[in-house]
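# A structural walkthrough
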Amino acid sequence: MCTFLSKVDGMLLTFFLFCCVTTATHGFHLQEALDTAKCLALCKNESCRDHCSQPAGRFEPYPRIKEQAGANVTLHCRGMNLLIIKHNPGSYVIQRSVSTSSWGPATVSNGELSTFPNLTSDTLYRYRLYRITQRGFSLAETTDWFSTYAVDYQPTQIEHISLAKIEQESKNVCQLRAEIVFEPVEDRSCNYNILSWAGEHDLINFDLKKTSEFRFSLRDLKCNQNSTLSIQSGNDDFSKLSNATLFTFVTPSCLQIYQNLTVCAPERVKDLRTEYIQKRNDGSYDIAVNWSEPVLQPDNYTLQFVSLQLEPRLLVVPGDAIRAVFINVHVRLQYEINIVAESIGGVSLQSTISGSVDETSVVEPSYREIIVTLSTLAIVAMVFGIICMQRRNKKNKQTNVEYMHFEGSMDSLKKPLKRDYAVDNSATLLPQDKFQLVPQQLKLKGILGSGAYGIVRLASLEDEFGAVTDVAVKMMKDNPSVEDIKNFHQEISIMKSAGQHPNIVSLIGYCTLHDKPLLVVEYCSNGDLQTYLRTIWQNLVNAVFECRTHLKLNMVSVATQIDRTKQEKSVLNHKNTCMIANRLYDIQQDVIKYTENITSADLLNFARQVATGMEFLSSNRVVHRDLAARNVLVRPDRVVKISDFGLSRDIYRENVYRKKGNSKLPLKWMAIEALTHQIYTTYSDVWAFGILLWEIVTLGATPYPSTPTNKILQFLKSGYRMEKPPNCSRELYSIMYSCWNVRPQSRPTFTELKQNLDKLLSNYSENKYLNLCDVLYESDNENNEPSSINAR
């Protein structure tokens, strides 16, 4: 019995020692590897995978089965300190090697990708994979050598971007999602910067880091929206970026998705054709317009006839029509006809046809066509007559009430003209009875300015009660083309859509004088803010120079008197001190004469007013694109108004800043994304506001005074921003600096800028945030005599 027990004890001891040896040899068991793989399979993000515990100890493939791993490993992507390998789906034990003789610790991986962070830059690595099965570990599969990026590696530009699919994202009409796919090049970067913009307000900037797949989604897209993408590959910290690859796509139209005119605007009118059907004795024509029948019938069509010699004419025909006729048209040169289709769902994009009357193409109408045309016109004329009478009666009542409170001011003058003109920019047809002025109301005066488009003149506008107000009138250049006239009407439409605000130059009206269209806007007699500030600065410098000269003369006179009367030193010193003090007081009063009309609070208020005006424009989806002190006008009551916002959207159509004539690009006011990608949004307006704020603080100095224009982009990309002006507080400079964030979405909104300036003004005390004296001291140190304004 004892012998038997001794044998049993010996066997147990042997088994225990075998287990210990096995554990020590193989490090972790198969079951531990299976448990870790199961945990990883349940995770959908990286933070979850980090909580799955990895088996500890040295790995030996036990038990081993005679099966191939079948991993088929390739390099997915890489960075300076990162490698991601791709393999066939499954669970694996993976070991890493940085030499030909040794393998590092093993980790368990599950899925198609395995990530290896915290590596050494510019180093070769290879991997050995064992597939994990319920029966054991497969044979090993060893990969090729893969290298990490060097620290100074410049990533390579990607080559191909494509649109995988577009689908409806929600139940909301025309809320779409697009899936974008791109292909990395041979260097297989793991990191990408994505910039996407659609129109002027929808700008998205984000990074793809350690990307598991080379695709991403863009959400909240609209129907028939033109979107542009810019993709750059980068290193781990994006300090190095490749050249950008651009990709543009257009989302489907509303009709392509819904096929319903109650929620969608009609399609654009197609196949426009004109026909001259009769020549009259007085030289006029009947011009017929024909078009193709659409798939879905709109409620009606609205046509507009535009010619250089004539006032634009409107014509409305039913939705089942495919033909309209303009009767008795006097055309000497060229004309243009615009047409839109209308339904409950909206207004179609505009179609246009232009031409000139060709004698050989004139045809005689048939008797039946004449009867049908005249009958249709009679009905349309009768309907329009009733509508016009009703509107005229309503307008007369409203005008009488408004003019009872007329006091002759500019705001009162605009009352009878003010309407709700917020319209879709796609519809450029202009109504005929809004904002129109009688040419006899205007009396043109001197020229205020000129440019490639024409000139701006001072004029007086007289209302029906005889009250006269100064206005500014924009006149087109001589011999304008049909395109020039079209652009002029588009500018009026944009200014109408912008609406009225105390801090923007508002539209008063428009008219035609001597066959030339005129645009009438508010007049600000103190000119532009840049010249206004530079004039103040020049006056202050002149005052300091004159005062310093007087002080020197008086000091020489006092010194002479001291030499002559040394024996009366004690008494005379007291008299001389009083004399110098009196002279200094006189000098101080001379400077006050130049500064009493402007204070630091006034300058801060200028900035606050511009922020308020830009807040209004951005809320109405108007992008200025050229915000600068030169485009802000000043009234005598120190109200500042933003100008040139209406024309800017015409000049920079399609997000391209076009150079006209001898004009120069305002590079020093442009945001970094505008310089690199020609993107103009409210975010880029905020950048320009920061530059404008710097102009105000420095009394009209030129931005980046010591930086050549051709170096601006290089400096900005390196992180350089203008330093704090000596006369500017840290609080004010912080507002300015926040506008120059390289990431557009991180810049403050105009509402936030206005609130921040309000806080400074509410806590204002003399020279607390902005010190005019420091501007004088700075120019006094830099110059021995007054500088010219041109030097600014």
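Residues numbered from 1 in each chain as written. Predicted model: local features only at pLDDT ≥ 70, side-chain atom pairs only at ≥ 80, totals over all residues. Heavy atoms only, no water.

### Topic: helix H10 (residues 600–619)
Given 3.6 residues per helical turn, the α-helix brings residues three or four places apart onto the same face. Between its first and last C-alpha, H10 extends 29 Å over 20 residues, near the 28 Å set by a 1.5 Å rise per residue. Across the 20 residues that make up H10, a large majority, 14, are buried. Of the residues flanking the end of H10, it is Arg 621, one or two places downstream, whose phi is positive at about 60°. (Helix = DSSP H or I, 4+ residues; strand = E, 2+ residues; numbered from the N terminus. Expected span 1.5 Å × (residues − 1). Buried < 20%, exposed > 50% of the residue type's maximum accessible area, 1.4 Å probe, protein only.)

### Re the packing of aromatic side chains
For the structure on display, the rule yields 20 aromatic pairs. Ring centres of Phe 182 and Phe 214 lie 5.8 Å apart, and the angle between their planes is 70°; this geometry places the pair in the edge-to-face category. With Phe 182 in strand E9 (residues 176–183) and Phe 214 in the loop between strand E11 (202–208) and strand E12 (215–221), the pair connects residues that are 32 residues apart, well separated along the chain. Given the relative accessible area of 3%, Phe 182 is considered buried. On the basis of an interplanar angle of 45° and a centroid distance of 6.4 Å, the ring pair of Tyr 704 and Tyr 720 is categorised as tilted. One end of the pair, Tyr 704, is in the loop between helix H13 (682–697) and helix H14 (712–717); the other, Tyr 720, is in the loop between H14 and helix H15 (730–738), and 16 residues separate them in sequence. The buried category is assigned to Tyr 704, whose relative accessible area is 2%. One aromatic cluster in this structure is built from Phe 182, Tyr 192, Phe 206, Phe 214 and Phe 216. Looking at Arg 78, its charged tip hangs above the ring of Tyr 153, at a distance of 5.8 Å from the centre. Positioned above the aromatic ring of Trp 669, the side-chain terminus of Arg 630 is 4.3 Å from the ring centre. (Phe/Tyr/Trp six-rings, centres within 6.5 Å; stacked < 30°, edge-to-face > 60°. Lys NZ or Arg CZ within 6 Å of the ring centre and 35° of its normal.)

### Side note on the side chain of Asn 205
Note on placement: Asn 205 falls in strand E11. Polar side-chain contacts of Asn 205 include one of 3.1 Å to the side chain of Asn 193. With residues near it in sequence (within four places) discarded, Asn 205 still touches Asn 193, Ile 194, Leu 195, Arg 743, Pro 744 and Gln 745. (Polar contact = N/O pair within 3.5 Å; in protein donor to acceptor, adjacent residues only side chain to side chain. Contact = heavy atoms within 4.5 Å.)

### Overview of the confidence of the model for the chain
Residues with a pLDDT of 70 or more make up 70% of the chain, whose mean pLDDT is 77. Low confidence marks residues 779–791, where pLDDT is under 50. Its contacts with residues over four positions away, or in another chain, come to 21 contacts. (pLDDT = per-residue confidence, 0-100.)

### Some thoughts on the state of the cysteines
One pass over the structure, following the stated rule, counts 5 disulfides. Paired through a disulfide, Cys 77 and Cys 190 show a sulfur-sulfur distance of 1.9 Å. Between Cys 77 and Cys 190, the disulfide has an S-S torsion of 95° and is therefore right-handed. Of this pair, Cys 77 sits in strand E1 (residues 74–78) while Cys 190 is found in the loop between E9 and strand E10 (191–198), placing the two residues 113 residues apart along the sequence. The class for Cys 77 is buried, based on a relative accessible area of 0%. On the accessibility criterion, Cys 190 (0% relative accessible area) is buried. What pairs with Cys 254 in a disulfide is Cys 264, and their sulfur atoms sit 1.8 Å apart. Taking the sign of the torsion about the S-S bond as the criterion, the disulfide between Cys 254 and Cys 264, at about -65°, is left-handed. (Disulfide = S-S within 2.5 Å.)

### Some words on the packing of H10 against helix H16 (residues 750–762)
Interaxial distance between H10 and H16 falls to 8 Å at its minimum, and their mutual angle equals 160°. The orientation of H10 relative to H16 falls into the category roughly antiparallel. The crossing of H10 and H16 is left-handed. Here H10 contributes Ala 601, Leu 604, Asn 605, Ala 607, Arg 608, Ala 611, Thr 612, Met 614, Glu 615 and Ser 618 to the contact with H16, which in turn contributes Phe 750, Thr 751, Leu 753, Lys 754, Leu 757, Asp 758 and Leu 761. In terms of residue class, the contact of H10 with H16 is made up of 9 nonpolar, 4 polar and 4 charged. (Axes fitted to C-alpha atoms, helices over the stretch in contact; angles between N-to-C directions. Parallel < 35°, antiparallel > 145°, perpendicular 65-115°, else oblique. Left-handed = near helix turned anticlockwise from the far one by under 90°. Nonpolar A, V, L, I, M, F, W, Y, C, P; charged D, E, K, R; others polar.)

### What to know about the nonpolar core
Counting residues in hydrophobic clusters, the biggest one holds 60 residues, and the most contacted among them are Leu 529, Val 610 and Phe 689. Among the elements that take part in this core, H13 stands out by supplying 10 residues, more than any other. When neighbours within four sequence positions are excluded, Leu 529 is seen to be in contact with Phe 606, Ala 629, Val 632, Val 634 and Ile 696. Listed in part, the 27 residues of the second largest apolar core include Cys 77, Cys 174, Leu 176 and Phe 247. (Core = buried A, V, L, I, M, F, W, Y, C linked by side-chain atoms within 4.5 Å.)

### Observations regarding the sheet that holds strand E8 (residues 160–168)
Across the sheet, 3 strands lie side by side as E8-E9-E12; this open sheet has antiparallel pairing. Each of the sheet's edge strands pairs with one partner strand only, and the pair in question is E8 and E12. Here the average twist between neighbouring strands, direction ignored, is 25°. Two strands pair when backbone bridges link them, and E8 and E9 are joined in this way by 8 bridges, in the antiparallel orientation. Paired with Ile 161 across the strands is Phe 182, a residue of E9. (Pairing = 2+ DSSP bridges.)

### Comments concerning the pairing of strand E27 (residues 516–522)
With 6 of 7 residues buried, E27 is to be regarded as a mostly interior element. Judged from the 5 bridges that link them, strand E25 (residues 468–476) and E27 form a sheet pairing that is antiparallel. Residue pairing across strands places Val 473 opposite Val 520, the latter belonging to E27. In terms of strand pairing, strand E26 (residues 507–513) meets E27 through 6 bridges, oriented antiparallel. By the bridge assignment, Gly 509 is partnered in E27 with Val 520.

### Some words on the sheet that holds E11
The strand order across the open sheet built from 4 strands is E11-E10-E13-E14, with neighbouring strands paired in antiparallel fashion. Only two strands of the sheet have a single partner each, and these edge strands are E11 and strand E14 (245–250). Between one strand and the next, the sheet's axes are offset by a mean angle of 15°, whatever the strand orientation. In this structure, strand E13 (residues 226–234) lies alongside E14, joined through 6 bridges in antiparallel fashion. Among the inter-strand pairings, Ser 230 is bridged to a residue of E14, identified as Leu 246.

### A look at the pattern of salt bridges
If the charged atoms of two oppositely charged side chains come close together, the side chains can form a pair. The full count for this structure, using the stated rule, is 16 salt bridges. Across the salt bridge formed by Arg 219 and Glu 169, the nearest N and O atoms sit 3.0 Å from each other. Of this pair, Arg 219 sits in strand E12 while Glu 169 is found in the loop between E8 and E9, placing the two residues 50 residues apart along the sequence. With relative accessibility at 48%, the residue Arg 219 sits in the partly exposed group. Overall, Glu 169 belongs to the partly exposed group, its relative accessible area being 27%. The partner of Arg 215 in a salt bridge is Glu 179, with the nearest N and O atoms 2.2 Å apart. Taken together, the residues span a long stretch of sequence, with Arg 215 in strand E12 and Glu 179 in strand E9 at a distance of 36 residues. Look at the salt bridges and you will find they share partners, linking Lys 165, Glu 179 and Arg 215 into a network. (Salt bridge = Lys/Arg side-chain N within 4 Å of Asp/Glu carboxyl O.)

### Structural notes on H13
Over its 16 residues, H13 extends 23 Å from the first C-alpha to the last, a length consistent with the 22 Å expected when each residue adds 1.5 Å. Along H13, 15 of the 16 residues are buried, which leaves the element largely enclosed by surrounding structure. Directly beyond the C-terminal end of H13, a positive phi value near 55° is found at Leu 699.

### As for the environment of Tyr 737
Along the polypeptide, Tyr 737 turns up in helix H15. In this structure, the C-alpha to C-alpha distance between Tyr 737 and Trp 694, residues 43 residues apart in sequence, is 9.5 Å.

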